[in-house]
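Residue strings, one per chain:
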2 protein chains.
Amino acid sequence: MTPFQAPTEEILRSLRLFAGDAPGWDAELSQEITQHFAAFAEGVLAPLNEPGDRQGCRLENGRVRMPEGFGAAYAELAEGGWQGLTAPEDFGGQALDHLTAAAVSEIFSGANHALQMVTGLVPGAISTLLAHGTQEQQAACIPRLTSGEWLSTMCLTEAGAGSDLSRIRCKATRDGDAWKIEGQKIFISGGDQDMSQGILHLVLARSGTPEDGVKGLSLFLCTSEVEGVRNPITVTRIEEKLGLHASPTCQMEFDGATAELIGTEGRGLAAMFTMMNHARLDVALQGVAHASRAHAIAAAYAAERKQGRTPEGTPALLTDHPDVTRMLDEQRDLARTARAMCHVALCELEKGEAPALIEFLTPLCKIYATDAGIRSADLGIQILGGYGYLEEYGVAQVWRDARITSIYEGANGIHALTLATRGLKLEDGAAIGQFAALVTRLGGGDAELELRCEAWQGHARTLAETPDVRAEAHGFAQETAALLAQAVRLRLAAG
Amino acid sequence: MTPFQAPTEEILRSLRLFAGDAPGWDAELSQEITQHFAAFAEGVLAPLNEPGDRQGCRLENGRVRMPEGFGAAYAELAEGGWQGLTAPEDFGGQALDHLTAAAVSEIFSGANHALQMVTGLVPGAISTLLAHGTQEQQAACIPRLTSGEWLSTMCLTEAGAGSDLSRIRCKATRDGDAWKIEGQKIFISGGDQDMSQGILHLVLARSGTPEDGVKGLSLFLCTSEVEGVRNPITVTRIEEKLGLHASPTCQMEFDGATAELIGTEGRGLAAMFTMMNHARLDVALQGVAHASRAHAIAAAYAAERKQGRTPEGTPALLTDHPDVTRMLDEQRDLARTARAMCHVALCELEKGEAPALIEFLTPLCKIYATDAGIRSADLGIQILGGYGYLEEYGVAQVWRDARITSIYEGANGIHALTLATRGLKLEDGAAIGQFAALVTRLGGGDAELELRCEAWQGHARTLAETPDVRAEAHGFAQETAALLAQAVRLRLAAG
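Residues numbered from 1 in each chain as written. Chains lettered and ligands numbered in written order. Predicted model: local features only at pLDDT ≥ 70, side-chain atom pairs only at ≥ 80, totals over all residues. Heavy atoms only, no water.

Comments concerning the packing of aromatic side chains
Residue and element names in this part refer to chain A.
Move 1: Scanning the model with the defined rule gives 25 aromatic pairs over all chains in all.
Move 2: Seen from their ring centres, Phe-37 and Phe-40 are 5.9 Å apart, and the 65° between their planes marks the pair as edge-to-face. One end of the pair is Phe-37 and the other is Phe-40, both in helix H2 (residues 27-45) and three residues apart, which spans about a single turn. Exposure class is identical for Phe-37 and Phe-40. Each is buried.
Move 3: Taken together through their ring pairs, the aromatic side chains of Phe-37, Phe-40, Trp-82 and Phe-108 make up a single cluster. (Phe/Tyr/Trp six-rings, centres within 6.5 Å; stacked < 30°, edge-to-face > 60°. Helix = DSSP H or I, 4+ residues; strand = E, 2+ residues; numbered from the N terminus. Buried < 20%, exposed > 50% of the residue type's maximum accessible area, 1.4 Å probe, protein only.)

See below:
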């Protein structure tokens, strides 16, 4: 297998082009940190990726055992301070910007998506604590998360409640100052593991009645231990998945587990979205990572593999065949455009001047980048031919790992719907003009793009007035993503 | 998991519409046989599909052990006479038409692709023996193949010679009346198994010098035993694949194995193509089977799974969501159009009046139908969401199994090249007019289709004159497939 090599230069170039004007972004510091993490990812995280997938996680006496080597790698990760990269310094963090964190996150996912899954929810948990937690909660939890003593989970989904959270039945009951949680959650990434000393579960549970729908939901902090005693939270099963075998996807029973309310009772969804919005751009970056990794594997293979002859009759490499270069070019384009889109969105996030645009770009990045990762991995398999179908060349694993990204953190169909409803309507449709201005700016005056963008605005405004957009959302999302992709391509070409 | 249900009615309807005028096709008999096989597939073959994938094949002391139950299922298959469905009655076969055989083959692949892989090369071997073998060879081999005493393999690929067979190094040396084979083959499906008493390997080996290129290749018959003694043929490894775990993909050593030349020395490629052309349409039918099976799983799931609410506020099923029905509709369309294309090609094969058209349709079916199977499986995963990513719902396996079909029996990129070169040039470009006539006939006078078809003919004639079509072959194949797909859709709609 082609060893993992972090696409550090590509990432830094993209950051400079698409996020260079973000406030507080220090190109030199960002480069230094990214290169430092790249070395760690190449040397420590990536070598565990294939063995971890092969070995998988095991459930032993209700506890999850991670694959060999994952515990030691996590210890090094925590030791390096990577878990607190964006956390405030007051809480032991490094207070770095989200652009540098995105570079780190992309490299992490490219090296070892499964481990990134289990460790990667911490920044979202910290954001949630900062936005909704009390000072006591922040002081109790954030330093433990930044130091790596704790990892965190997001306990949202239930068997009857996936995309539709109004159906959540997990029950929270007041118990003096605390709460007790009772019920089952499924699809919980890292619901248990043997790497961190403790786990902070962020649990969405019903503090109200079923009739309250989503307004009866609150968010809770639920630690794996309470005053040195295990909280009654049990992993009852690890799912057999298509990929990400080294990331334990847990079915969990909360059996009267002690919990603390975080934020306002009945406003669980709002608190949850703080956590999920972070996760969504992080999932988009996983898509970028897969697109890039699959391209790297395929490009290395194609440059060495002899196949047939050139029209001149000399022995050819795969890269001499136009159909192969077509696929390689598409892979590279997918990685670059998806990465650029994410950087554009993250730059807006850092600027914080256009909330409607950020809300518009987030689902768009999630859709485009995750589809890009899956498509690039699929092309990688095709380029390697029969070898692509073997596990040992690694591109099959990239596909298997990538395939979940268009499903989790909101299926892409749901994100398309969000884009075509909330995305178009927020602040009286402010995102439409802001997005068009963004496209125009990136396109640098390209006439064809301007025409497309004008047509798109018309379409968007019509859609914003349409009562039921469900049948059009997918097409609109594709059209919107294609427009932004074209704009970033022009920007990339302009250099 | 949704139990496998053979799409018998869909298949028979398609045969009536697209192959009803094939000579010797008896609709009633075909229906009876197809229904008979469907019951066998549903009751015996399909229940082994998931357990077989989970257990996989093992290599024990140089011999391959198939998963539990496969041996017994094969015995029943052979007992039922299914291995000799299209073989001449003189050799113990049932002399049935290829349309009925296609119906059986599609159902087999939908129920259990892995087992179909191992048993499904027999008709191609029989065709090869009939076309190129001596009377003695036919008498010695065909009855054993039709009875199921033997299975057969195609030993073509080597580590350095995949799509490019001129690089084959496996050496055949004359030894009195017989030959000895020396060398290594890889990617041999069913290279060994413990289901049949014997195996007939059809081996492409170099009887000439390396400088002879493909003209130094001959085809050989090589049985697993010679006069009661094992021929020195060893399985040295079973590949770890993305899917088809119950189909042993073997690396094999021929260590001076005794063999017989079949056909003319130095004409191995021609003999091989007899075998491969059969296999190619069979692979296209595997694509149809996957498209259909993935649709069946997704449709059954979506019809029962509650998710969100309708615009009127009542609880909704997945099928109430336009984005889900969009995906389900695409799946159904993929299965139907791919099946129709295969039936059109098989009908032409039965008629035998337009060899150029057959050569043109074969790669087209292979490309379209295998891509359709993979795409439909991918949509199926998306429709099931998180559950689609779990192995227990079966659609992940459909994708994993389907993914090889656009690679093996000639990667789709190679088929596109064949289409745009040989396909357009054979018999002075006869296929262009014949294909256009076919499209027009299927389209029933649709004006828009006529225009597209005219534009396509122009493109095809230009391409036929272009010296190097490599960069355009993929696009041309897509355009051609889309045209035929549109034509069969119109025919399907006309009923």
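A word on empty space enclosed by the protein
Residues and elements named next belong to chain B.
Move 1: Taken as a whole, this structure holds four cavities of 30 Å³ or more when the rule is applied.
Move 2: Here the largest cavity defines a volume of roughly 60 Å³.
Move 3: In terms of lining residues, the largest cavity is bounded by Gly-62, Arg-63, Gly-191, Asp-192, Ile-199, His-201, Ser-224, Arg-230, Ile-233, Val-235 and Met-252.
Move 4: Elements represented by at least two residues in the lining of the largest cavity include exactly strand E6 (198-206) and strand E10 (233-238).
Move 5: Here the lining of the largest cavity is composed, by residue class, of four nonpolar, four polar and three charged. (1 Å grid on protein atoms, 1.4 Å probe; cavity = no way out; pocket = protein on both sides within 12 Å on 5 of 7 lines; lining within 4 Å. Points joined across faces, edges and corners; volume = space filled by probe spheres on them. Nonpolar A, V, L, I, M, F, W, Y, C, P; charged D, E, K, R; others polar.)

Comments concerning the UniProt feature "domain: Acyl-CoA dehydrogenase/oxidase N-terminal" (unreviewed entry) in chain A
Move 1: Mapped onto the present numbering, the UniProt feature "domain: Acyl-CoA dehydrogenase/oxidase N-terminal" (unreviewed entry) falls at residues 31-149 of chain A.
Move 2: Along residues 31-149 of chain A one finds 66% helix and 5% strand; the C-alpha atoms at either end are 28 Å apart. (UniProt positions renumbered as here; feature names shortened; annotations may be inferred.)

Describing the relation of the copies chain B and chain A
Move 1: The two copies are related by a screw operation: chain B maps onto chain A through 180° of rotation and 0.0 Å of translation along the axis, at an RMSD of 0.0 Å. The two molecules are tied by a two-fold rotation axis, judged by turn and shift.
Move 2: Comparing contact sets, 98% of the residues at the interface of chain B also lie at the interface in chain A, consistent with an isologous, same-surface contact. (Least-squares fit on C-alpha atoms with pLDDT ≥ 70 in both. Contact = heavy atoms within 4.5 Å.)

A closer look at the domain arrangement of chain A
Residues and elements named next belong to chain A.
Move 1: We note that the domain assignment places domain 1 (8-144), domain 2 (151-267) and domain 3 (270-494) within chain A.
Move 2: Placing the centre of domain 1 and that of domain 2 at their C-alpha centroids yields a distance of 23 Å.
Move 3: Each side of the interface is counted separately: domain 1 has 31 residues, and domain 2 has 30 residues.
Move 4: A combined buried area of about 2600 Å² lies between domain 1 and domain 2, and 68% of that area is made up of carbon and sulfur atoms.
Move 5: Per-residue buried area on domain 1 facing domain 2 is highest for Val-64, Val-118 and Leu-121; these three make up 21% of the total on that side.
Move 6: Remark: the boundary between domain 1 and domain 2 carries two salt bridges.
Move 7: At the surface where domain 1 touches domain 2, the tally comes to ten residue pairs in polar contact (both at pLDDT 80 or more). (Domains from an automatic or database assignment. Buried area = accessible area lost by both parts, 1.4 Å probe. Salt bridge = Lys/Arg side-chain N within 4 Å of Asp/Glu carboxyl O. Polar contact = N/O pair within 3.5 Å; in protein donor to acceptor, adjacent residues only side chain to side chain.)

Examining the interface of chain B and chain A
Move 1: Residue-level contacts link 51 residues of chain B with 50 residues of chain A.
Move 2: When the buried surface of chain B facing chain A is broken down by residue, Leu-242, Tyr-389 and Arg-470 of chain B rank first, second and third, together holding 18% of it.
Move 3: A salt bridge links Glu-392 of chain A to Arg-237 of chain B; the shortest N-O distance between them is 2.4 Å.
Move 4: One can count 28 residue pairs in polar contact (both at pLDDT 80 or more) joining chain B with chain A.
Move 5: Those elements giving two or more residues to the side of chain B that touches chain A turn out to be strand E5 (178-189), strand E12 (306-309), helix H9 (322-351), helix H10 (355-384), helix H11 (395-402) and helix H12 (412-420) of chain B.
Move 6: Considering each element in turn, the side of chain B that touches chain A owes the most residues, four residues, to H11 of chain B.

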